[in-house]
Amino acid sequence: MSQQVQQEGYFGEFGGSFVPPELQEVLNYLSEQFYKFKDDPEFKEELRYYLREYVGRENPLTYAERLTEAWGGAKIYLKREDLNHTGAHKINNAIGQILLAKRMGAKRIIAETGAGQHGVATATACAMFNMECVIYMGAEDTRRQALNVFRMELLGATVVPVHKGQGRLKDAVDEALDDLVRNYKNTFYLLGSAVGPHPFPTMVKHFQSIISEESKRQIIEKEGRLPDAVLACAGGGSNAIGAFAHYIDEPSVRLIGVEPDQAPSLTQGVPSILHGFKCLVLLDEEGQPKKTYSIAAGLDYPGIGPEHSHLKVTGRAEYATVTNEEVLEAFQELSRVEGIIPALESAHAVAYAKKLAPTMSRDRILIVNLSGRGDKDVEQVFHMLHK
Ligand SMILES: *Cc1c(COP(=O)(O)O)cnc(C)c1O
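Residues numbered from 1 in each chain as written. Predicted model: local features only at pLDDT ≥ 70, side-chain atom pairs only at ≥ 80, totals over all residues. Heavy atoms only, no water.

Caption draft 1: Representation of the sheet that holds strand E10 (residues 187-189). With parallel pairing, the four strands of this open sheet are ordered in space as E9-E8-E7-E10. If you trace the sheet from one side to the other, it starts and ends with strand E9 (158-162) and E10, each paired once. Within this sheet the neighbouring strands show an average axis-to-axis angle of 25°, counted without direction. Pairing analysis gives six bridges linking strand E7 (residues 108-113) to strand E8 (residues 132-138), with the strands arranged parallel. In the sheet register, Ile 109 faces E8, and the bridge partner there is Cys 133. (Pairing = 2+ DSSP bridges. Helix = DSSP H or I, 4+ residues; strand = E, 2+ residues; numbered from the N terminus. Axes fitted to C-alpha atoms, helices over the stretch in contact; angles between N-to-C directions.)

Caption draft 2: Summary view of the site of the ligand. Neighbouring the ligand are 17 residues, the closest being Lys 90, Gln 117, Ser 193, Ser 238 and Ser 371. Within the side chain of Gln 117, an N or O atom sits 2.6 Å from an oxygen atom of the ligand. Within the backbone of Gly 235, an N or O atom sits 2.8 Å from an oxygen atom of the ligand. Protein burial of the ligand: of its 390 Å² of free accessible surface, 97% is covered by the chains. A breakdown of the residues in the shell around the ligand according to their chemical character gives four nonpolar, eleven polar and two charged. (Near = heavy atom within 4 Å. Polar contact = N/O pair within 3.5 Å; in protein donor to acceptor, adjacent residues only side chain to side chain. Areas by Shrake-Rupley, 256 points an atom, 1.4 Å probe, with all protein chains shown as cover. Nonpolar A, V, L, I, M, F, W, Y, C, P; charged D, E, K, R; others polar.)

Caption draft 3: Just the packing of aromatic side chains, in detail. In total, this model carries eight aromatic pairs according to the counting rule given. Seen in terms of ring centroids, Tyr 50 and Phe 129 are 4.8 Å apart; in terms of plane orientation they differ by 70°. Their pairing is edge-to-face. Pair noted here: Tyr 50 is in helix H2 (residues 41-55) and Phe 129 is in the loop between helix H5 (117-128) and E8, with a separation of 79 residues, a long-range link. Take Tyr 50 and Phe 129: they sit in the same class, and that class is buried. (Phe/Tyr/Trp six-rings, centres within 6.5 Å; stacked < 30°, edge-to-face > 60°. Buried < 20%, exposed > 50% of the residue type's maximum accessible area, 1.4 Å probe, protein only.)

Listed below in structure tokens is the structure:
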């Protein structure tokens, strides 16, 4: 298939849009509409309204006093995305994109999901806005995540198992894109992370930036100054880019993304094109995207958003890895010491904070983005700890 390259939407050499021409036309229109509405006062007011009344924002920036004492170094603050409706940051983006879809006259929302978390966030927002919702999911994933399939169905979505290929996330992405090209006149593709061709990474960042917009205001209220570092886990990179956004132009603030040591796209990836955009990708010996595995389903992706790729090569952000053992320990420690059970994804950021905080003096400040709550992971952790 012939490919078309667009100059917009680049972060250094990363990003862009490498897709067939018929899909490019749909993306051009989406981009135009996004830029038209994102700063529109009525659109902004409507978004603020639903974030407050439905998602429950703003959420707190909690001082983790006992954790700070236990680790004996920098002060730890937790940004509480776990307290959002549906229990994670993904709803921020789902609401933002649905409001845009409504403005564009779409009647039907499609999305793809691997573990099901983005599918659930999308189905939730669709129920709220009375939109038809179709979620593509690899057939293999529908079996492994039967409860999330049921959740989406309860919320009124149609879940379509994809049998093509290996029946995994990549095959579900292909089906969703096919659907979009066929039905773009009434259909909006709601993408869940800061990945994909332009304008998705820019759009997802825009809707997740509320995290750092709030945390910056909150830390200045509480401490009278900026934090020394902001930490977030990185799968596709949406909670991390949202947690970093308002600090990128503050050189005194270290930005630290944390990955599983089994899916270290940023620490070991090489520039390559994946799913229609250029980013750092983990490749195997044959030069194919590596099959990754993470105990945290949301971090199981061989690539990473283009802006993180750029922040990494320019040195503005740092990226670190933690092991499964460290993650499990952090998961339990935060539960025991603060009464907060974190998502396994978020526990990656907590695990790295545990290593970093004791190396810093007590007058230093760390913000750890708690991307989600751990209820969804309790059963899995039970089995891991009892085997
Ligand atoms: C999906 C998910 C992630 C990973 O996605 P990003 O786009 O990297 O933020 C992290 N934490 C939670 C709780 C998630 O549900």
